[in-house]
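Per-entry structural report
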Amino acid sequence: DALPIFIPAMATFWLPFTADSAASLDPFRRLVHSDLVRIGLSNSLLFVLMAVPIRVIGAFFLALLLRPQRFRWARPIVFLPTVIPPPAWALLALWMFNPLYGPINLFLEGIGLSGINWLVNIHATRLMFVILAGFQLGEGFIVLLIGRTLVPEYLYDAARIDGAGRLGRWWFVTLPLMLPWLALLTGRDLLVSLQSTFTPSFMVTYGGPYFSTTFLPLLIYELAFDFRDPALVAVVLLLVFSTFAGVSLLIWRGVIDRE
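Residues numbered from 1 in each chain as written. Predicted model: local features only at pLDDT ≥ 70, side-chain atom pairs only at ≥ 80, totals over all residues. Heavy atoms only, no water.

1. Focus: the layout of surface pockets
Going by this rule: Of the grid points, spaced at 1 Å and generated over the protein atoms alone, those admitting a 1.4 Å probe that cannot get out make up cavities, while open sets with protein on both sides within 12 Å along at least five of seven lines make up pockets; any residue with an atom within 4 Å of a point is treated as lining. Grid points are joined across faces, edges and corners, and a volume is the space filled by probe spheres set on the points. Comment: elements are numbered from the N terminus, with helices defined as DSSP H or I runs of at least four residues and strands as E runs of at least two. Note on residue classes: Ala, Val, Leu, Ile, Met, Phe, Trp, Tyr, Cys and Pro are nonpolar, Asp, Glu, Lys and Arg are charged, and everything else, Gly too, is polar.
Each pocket or cavity is described by its volume, and for the largest pocket that value is around 430 Å³. Lining the largest pocket are L64, R67, R148, E153, Y156, D157, R160, R166, R169, W170 and T174. Contributing elements (two or more residues each) for the lining of the largest pocket: α9 (153–161) and α10 (166–195). Taken together, the residues that form the lining of the largest pocket break down as 3 nonpolar, 1 polar and 7 charged. Here the second largest pocket defines a volume of roughly 310 Å³. Along the walls of the second largest pocket sit 22 residues, with R55, P86, Q136, V192 and S196 positioned nearest its centre. Contributions of two or more residues to the lining of the second largest pocket are made by α3 (35–65), α5 (86–96), α7 (122–135), α8 (138–149), α10 and α11 (198–205). Tallied by class, residues from the lining of the second largest pocket come to 11 nonpolar, 8 polar and 3 charged.

2. Describing empty space enclosed by the protein
Following the criterion strictly, the structure yields 1 cavity of 30 Å³ or more and no others. Computed from the structure, the largest cavity encloses a volume of approximately 30 Å³. Lining of the largest cavity is provided by N43, L46, F47, M50, R126, V130 and F215. Elements supplying a minimum of two residues to the lining of the largest cavity: α3 and α7. The leading source of residues in the lining of the largest cavity is α3, at 4 residues. Among the residues making up the lining of the largest cavity, the classes are represented as 5 nonpolar, 1 polar and 1 charged.

Rendered as structure tokens:
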């Protein structure tokens, strides 16, 4: 079952070194000197640094808040944005952030603030993508909700007997036992949150304004289909996979050493 994934992945790693794509390491030199690649990498790094903490921390606190049975009705609401198809989500975002009649700007104007030109301002457009990613945390919410359910209740009883208050029980019981779950979710979200940018960046902004939303998925698409440069695509993929594998390994090593 893994062959359909393993064989293309190995072919991707091998492609930059083949004769057809210049065995003289020309793709690696073009990677270093490509302004478009450099912009795409910096945009992606900035997005991940903002979106992943919001998604992980938001899912964590929602899992703690909605764990009691009386809040079961709210759990589908948290999960709902995750099951919306990406094209529909992109069209919904285009309506929500419309500077003229979008509900977000109407709300800002209703409380006395000026509306934001989300689709033209560079910083506002990047923030728009972070906000969109922050809504789609349903899968992480479910994972952390299960993880919190598996924490033994007798540990809270023991901490309560020792005099720990609500904050103390959270700090000394919940957080340490949830760290492996948080590490798993962080490593997963590094890649998933970045993948989720392709459809809205393709349908809503197509990398604009001024390449501010040219993230790695759209960059790879443009290199493959607009510039027809499979060798450079392979080098970018090699760099991305190596980076995510290294960061995920560091996260897991940190959790293991802590335990």
